[in-house]
Amino acid sequence: MARLPLPRPAMLPLLLLAVLSVTAAAASSRPHSLDPLTPAEITAVRAAVLASPLVPARPLTFHYVGLDEPDKPDVLAYAYGGGTARRRARRQPLQRRALVIARAGGQSHELRVEVARNGSSAAAATVLSHAVHRGAGFPTLTLEEQFAAVALPPAYPPFVDSVRRRGVDMGDVLCAVFPVGWFGDAGAPRRVAKMLCFVAGATANFYARPIEGVTMVVDLDRMAIVGYRDRVAYPVPKAEGTDYRAGKTGPPLAGPQPAPGVVVQPEGRGFHIEGNIVSLDQHMHQKIGCIPTLKRLKNSFD
C-alpha cells in the first residue's frame, strides 16, 4: 500500500525537528587535531603550493598530501587539559599543517603548509617551509606514472621480439611497475623502476604466468626504457588450474561450503565511534583493566 503524503501543516513540526537536530549535531561536532585533511583543505594546500615561488619548476607533480601531525604532548594537552567543562568546550583545535611531497625539476620537494579555517567549509593555506630531499629514496609512484610506464613495453621492439619468441600474443600481456630497491650510492641517483610482465589470456590470475628471463628498467623522469636484457626464454606457465575465482575452481576448493558463523555480543559492541575517534565503553575499560591482573596471576602459577 502506498504511503500517503502528510498534509503540509503536519509536516512543519517534523521539518523543525530535523533542522534543530542537524544544527545541534553541527554544534556538538568539533574537529579533532588529528582528523585527516578535508577535501577543502587539500584543495587549499594544492593552490598554495602551486602559487609559491619556492618551487618554480614545472611540471610539478604531487606525490603525497597529508596531515603533518602535531607533537604528542600538544595533542595530550589539548585533549586532556585542565579547566572547567565550559572552558574545555571553547578550546580551539591545534593549528593544522599539511606535509606535501612533490616532484619538480628532477628533484623531490618537501613542503609544510599551514591550513587556516575561516568558519566555513572553505580553507586558506600558506607555505611555511620548503626543502629539497637529498637523501636515499624517492617519492611513491603516481597512477599517471604507472599508466605511462606500462604503455612503454608494447612499443619497445626488443620486448615485442621477446614476447614473439615465447609464442605469446601481445594482446594478452600485462605489465606492472615495481620499485627497484636500494643499491647504495654508486653513481648519480636516478628515479628508476623495474617492469614485470605477465600473460593473462584465459585466467584472471596473471601473476601465476610471468614472462621470466626478461629484465626491463624504466627511467620515470625521462619515461623511457633505459635497461633491457632477455637472458633466457623460459616457457610461460599454462593457464589451466591457475584461476582462483569461485566459479572457475575445482575440487577440493569447490566442495561443500561451511556453515555460516554467528557473532554475538550480549553486552553491546563495547566501543563508540564519533567521527574519526574510536573510544571504549566503560564496561570495556573495566574488562581490559582486568587483563594485566589475570596475566600476573597466570604467571605466578607457571
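The rules behind the values
- Residues numbered from 1 in each chain as written.
- Predicted model: local features only at pLDDT ≥ 70, side-chain atom pairs only at ≥ 80, totals over all residues.
- Heavy atoms only, no water.
- Pairing = 2+ DSSP bridges.
- Helix = DSSP H or I, 4+ residues; strand = E, 2+ residues; numbered from the N terminus.
- Expected span 1.5 Å × (residues − 1).
- Buried < 20%, exposed > 50% of the residue type's maximum accessible area, 1.4 Å probe, protein only.
- Arc of directions from axis to C-beta.
- Phe/Tyr/Trp six-rings, centres within 6.5 Å; stacked < 30°, edge-to-face > 60°.
- Lys NZ or Arg CZ within 6 Å of the ring centre and 35° of its normal.
- Patch = residues over 30% accessible without salt bridge, like charges linked within 9 Å, V, L, I, M, F, W, Y side chains within 5 Å.
- Areas by Shrake-Rupley, 256 points an atom, 1.4 Å probe, with all protein chains shown as cover.
- Salt bridge = Lys/Arg side-chain N within 4 Å of Asp/Glu carboxyl O.
- Axes fitted to C-alpha atoms, helices over the stretch in contact; angles between N-to-C directions.
- Contact = heavy atoms within 4.5 Å.
- Core = buried A, V, L, I, M, F, W, Y, C linked by side-chain atoms within 4.5 Å.
- Disulfide = S-S within 2.5 Å.
- Polar contact = N/O pair within 3.5 Å; in protein donor to acceptor, adjacent residues only side chain to side chain.
- pLDDT = per-residue confidence, 0-100.

## A word on the pairing of strand β9 (residues 271–274)
Link 1 in the chain: Pairing analysis gives 4 bridges linking β9 to strand β10 (residues 277–280), with the strands arranged antiparallel. Bridge pairing in β10 links His-272 to Ser-279.
Link 2 in the chain: Turn length for the β9-β10 hairpin, with the two strands adjacent in sequence and antiparallel, is 2 residues, and the turn residue Gly-275 shows positive phi of about 65°.

## Section: helix α2 (residues 39–51)
Link 1 in the chain: With 13 residues, α2 extends 18 Å from end C-alpha to end C-alpha; this agrees with the ideal 18 Å at 1.5 Å per step.
Link 2 in the chain: Turning to α2, its buried residues number three or more, namely Glu-41, Ala-44, Val-45, Ala-48 and Val-49. Taken down its axis, α2 places every buried residue within 130° of arc, on the same side. Residues of α2 that are exposed and point over 90 degrees away from its buried face: Pro-39, Thr-43 and Ala-51.

## A few points about the packing of aromatic side chains
Link 1 in the chain: Enumeration over the complete set of coordinates arrives at 4 aromatic pairs.
Link 2 in the chain: Considering the side-chain rings of Phe-198 and Tyr-207, the 5.1 Å spacing of their centres and the 75° angle between planes classify their relative orientation as edge-to-face.
Link 3 in the chain: An aromatic cluster of three or more residues is present, and its members are Phe-198, Phe-206 and Tyr-207.
Link 4 in the chain: Here the basic side chain of Arg-269 rests over the ring of Phe-271, its NZ or CZ set 5.2 Å away from the ring centre.

## Quick word on a nonpolar patch on the surface
Link 1 in the chain: On the surface, Phe-271, Ile-273, Val-278 and Leu-280 cluster together into a nonpolar patch covering about 340 Å² of accessible area.
Link 2 in the chain: At the level of secondary structure, the elements contributing two or more residues to the nonpolar patch comprise β9 and β10.
Link 3 in the chain: Along the chain, Ile-273 falls in strand β9.

## Observations concerning unusual backbone geometry
Link 1 in the chain: With an omega of 5°, the peptide bond running from Arg-58 to Pro-59 counts as cis.
Link 2 in the chain: You can see Pro-59 is positioned in the loop between α2 and β1 (61–67).
Link 3 in the chain: One non-glycine residue, Met-223, lies in the positive phi region at around 50°.
Link 4 in the chain: Note that Met-223 resides in the loop between β7 (214–219) and β8 (224–230).
Link 5 in the chain: You can call Met-223 partly exposed: its relative accessible area is 23%.

## Here's the deal with the sheet that holds β8
Link 1 in the chain: Read across the sheet, 4 strands follow the order β5-β6-β7-β8 without closing on themselves; strand pairing throughout is antiparallel. Looking along the sheet, the strands with just one partner apiece sit at the ends: β5 (173–179) and β8. Neighbour-to-neighbour, the strand axes of the sheet open up by a mean angle of 30°, direction not taken into account.
Link 2 in the chain: Where strand β6 (residues 192–199) lies against β7, 4 bridges are found, and the strand directions are antiparallel. The residue of β7 that forms the bridge with Lys-194 is Val-217.
Link 3 in the chain: Contacting β5, β6 and β7, helix α5 (residues 143–150) runs over the sheet at an angle of about 130° to β5.
Link 4 in the chain: Taken strand by strand, helix α6 (residues 157–165) contacts β5, β6, β7 and β8, and its axis lies near 35° from that of β8.

## Remarks on the nonpolar core
Link 1 in the chain: With 18 residues, the main nonpolar core has Phe-159, Val-173, Met-195, Cys-197 and Ile-211 as its most contacted residues.
Link 2 in the chain: Put simply, the parts of the chain that give this core at least two residues each are α6, β5, β6 and β7.
Link 3 in the chain: Apart from the residues within four sequence positions on either side, Phe-159 is in contact with Pro-153, Pro-154, Met-170, Val-173, Cys-175, Cys-197, Ile-211, Val-214, Met-216 and Tyr-228.
Link 4 in the chain: By size, the runner-up hydrophobic cluster in this structure holds 15 residues, among which are Leu-60, Ala-104, Leu-111 and Val-115.

## With respect to the state of the cysteines
Link 1 in the chain: Taken as a whole, this structure holds 1 disulfide when the rule is applied.
Link 2 in the chain: Disulfide pairing is shown between Cys-175 and Cys-197; the S-S distance is 2.1 Å. Handedness of the Cys-175-Cys-197 disulfide follows from its S-S torsion of about 100°: it is right-handed. Of this pair, Cys-175 sits in strand β5 while Cys-197 sits in strand β6, placing them 22 residues apart in sequence.

## Looking at the side chain of Asn-205
Link 1 in the chain: If you trace the backbone, Asn-205 turns up in the loop between β6 and β7.
Link 2 in the chain: According to the relative accessible area criterion, Asn-205 is buried, its value standing at 19%.
Link 3 in the chain: A distance of 2.9 Å separates a polar side-chain atom of Asn-205 from the backbone oxygen of Thr-242.
Link 4 in the chain: If near-sequence neighbours (up to four positions away) are discounted, Asn-205 is found in contact with Thr-242, Asp-243 and Tyr-244.

## Re the confidence of the model for the chain
Link 1 in the chain: In this model, the chain carries an average pLDDT of 80, and 75% of its residues clear a pLDDT of 70 or more.
Link 2 in the chain: Note on residues 1–29: pLDDT under 50 across the span, and 2 contacts to partners over four residues away in sequence or across chains.
Link 3 in the chain: Across residues 293–302, where pLDDT falls below 50, the model places 0 contacts with residues more than four positions away in sequence or in other chains.

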